[in-house]
Amino acid sequence: MRPSHVLHTFLVSNLRLVLEVQVCTGKQHTSGHAKVALGRVLDELGDRRPALVRGDSGYGNEGILVELQERGQRYLLRLRQTANVKRLVAMAFGRTDWSRPDTQGCQVIEGQVRLHGWSKTRRVVIVRQRIRGGIARQRRIDSRQLQLDLQPAVFQAGDKLWEYAVLVTDVEVPIEAVAQLYRDRADAENAFDELKNQWGLGGFTTQDINRCQTMARACALVYN
């Protein structure tokens with residue numbers, strides 16, 4: 001039986017440079033199982049470590065934030081859309097000091113929040129982008145038949161639809177630059193796709209996780 005593994009991979013996105021790959025069992029897929037490896041990588045790099053750590057919502061939690069803050073490491077992480085985060089967004093949408101839309105149509109606003117389980121108050125940046133046309137809603141009728149609504153009832157005259165994200169950060173850049181700084185992280189997903197589907201990063205699996213760890217690191221080294 002093929003074992004289930006998960007590979008926590010740390011990458012310098014603009015250089016396509018893999019810093020570390022940690023192989024864990026399939027049940028250890030959350031970022032909590034990667035924070036020790038992340039801290040070790042940052043400690044080993046010392047003054048040569050990246051200026052900024054970016055991560056998706058899987059990494060926007062107290063455990064990772066503490067690991068970074070203890071080392072004075074700048075970060076830009078996305079938060080999960082929990083109930084408290086949604087309440088924060090709802091309150092922010094009524095404010096009138098949103099930035100002007102950037103080249104991608106994104107507006108940003110910042111605030112301070114201490115979410116449940118956090119040890120301190122932190123700076124958050126809310127990014128919203130207007131959704132315009134070309135949207136379809138797929139729903140199932142009678143639990144069987146699929147129906148595609150090209151003009152849902154919600155799209156009435158004057159209605160506005162927004163896509164939003166909430167970022168937690170301590171990076172010292174103008175607030176207008178935060179959204180683009182996070183969007184630039186998308187290039188990392190292309191590298192992860194290459195590593196997985198073209199380079200076979202996780203293709204070697206045995207019951208011996210140490211051998212799998214060695215092979216994954218060797219693959220990353222060749223990729224670099």
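So, here's what we can say about the structure. This is a predicted model, so every value here is computed, not measured. (Residues numbered from 1 in each chain as written. Predicted model: local features only at pLDDT ≥ 70, side-chain atom pairs only at ≥ 80, totals over all residues. Heavy atoms only, no water.)

This part is about the layout of surface pockets. Of the voids in this model, the largest pocket is the one considered here, and its volume is about 1,100 Å³. Every residue lining the largest pocket is counted, 40 residues in all, and those nearest its centre are Thr9, Phe10, Leu11, Tyr59 and Phe192. Partitioned by chemical class, the residues of the lining of the largest pocket number 21 nonpolar, 13 polar and six charged. Counted as a void, the second largest pocket has a volume near 200 Å³. Taken together, Arg78, Cys106, Val127, Gln129, Glu163, Tyr164, Ala165, Leu167, Ala179, Tyr182 and Arg183 make up the lining of the second largest pocket. (1 Å grid on protein atoms, 1.4 Å probe; cavity = no way out; pocket = protein on both sides within 12 Å on 5 of 7 lines; lining within 4 Å. Points joined across faces, edges and corners; volume = space filled by probe spheres on them. Nonpolar A, V, L, I, M, F, W, Y, C, P; charged D, E, K, R; others polar.)

In this section: unusual backbone geometry. One non-glycine residue, Arg16, lies in positive phi territory at about 55°. Along the chain, Arg16 falls in the loop between strand E1 (5–12) and strand E2 (17–25). (Helix = DSSP H or I, 4+ residues; strand = E, 2+ residues; numbered from the N terminus.)

This part covers helix H2 (residues 62–70). Residues separated by three or four positions in an α-helix point in the same direction, a consequence of the helix having 3.6 residues per turn. Turning to H2, its buried residues number three or more, namely Glu62, Ile64, Leu65, Glu67 and Leu68. Contacts made by the buried residues of H2 are with helix H1 (35–45), strand E3 (53–55), strand E4 (75–78), strand E6 (122–131) and strand E9 (161–169). If you check the start of H2, you find a side-chain oxygen 3.2 Å away from the backbone N of Gly63, and it comes from Asn61. Just downstream of H2 lies Gly72, where phi reads positive at about 65°. (Buried < 20%, exposed > 50% of the residue type's maximum accessible area, 1.4 Å probe, protein only. Contact = heavy atoms within 4.5 Å. Polar contact = N/O pair within 3.5 Å; in protein donor to acceptor, adjacent residues only side chain to side chain.)

Of all eight residues that make up E1, six are buried, and the element is covered over most of its length. Summarising the sheet, E1 and E2 pair through eight bridges and their orientation is antiparallel. The residue bridging Val12 from the neighbouring strand is Leu17, located in E2. Between E1 and E2, which follow one another and run antiparallel, lie four residues, and Arg16 among them has a positive phi close to 55°. (Pairing = 2+ DSSP bridges.)

Further remarks concern the pattern of salt bridges. Taken as a whole and judged by the stated rule, the model has 15 salt bridges. Asp187 serves as the salt-bridge partner of Arg16, at 3.0 Å between the closest nitrogen and oxygen. Here the residue Arg16 occupies a position in the loop between E1 and E2, and Asp187 occupies one in helix H5 (residues 186–197), the gap between them amounting to 171 residues. (Salt bridge = Lys/Arg side-chain N within 4 Å of Asp/Glu carboxyl O.)

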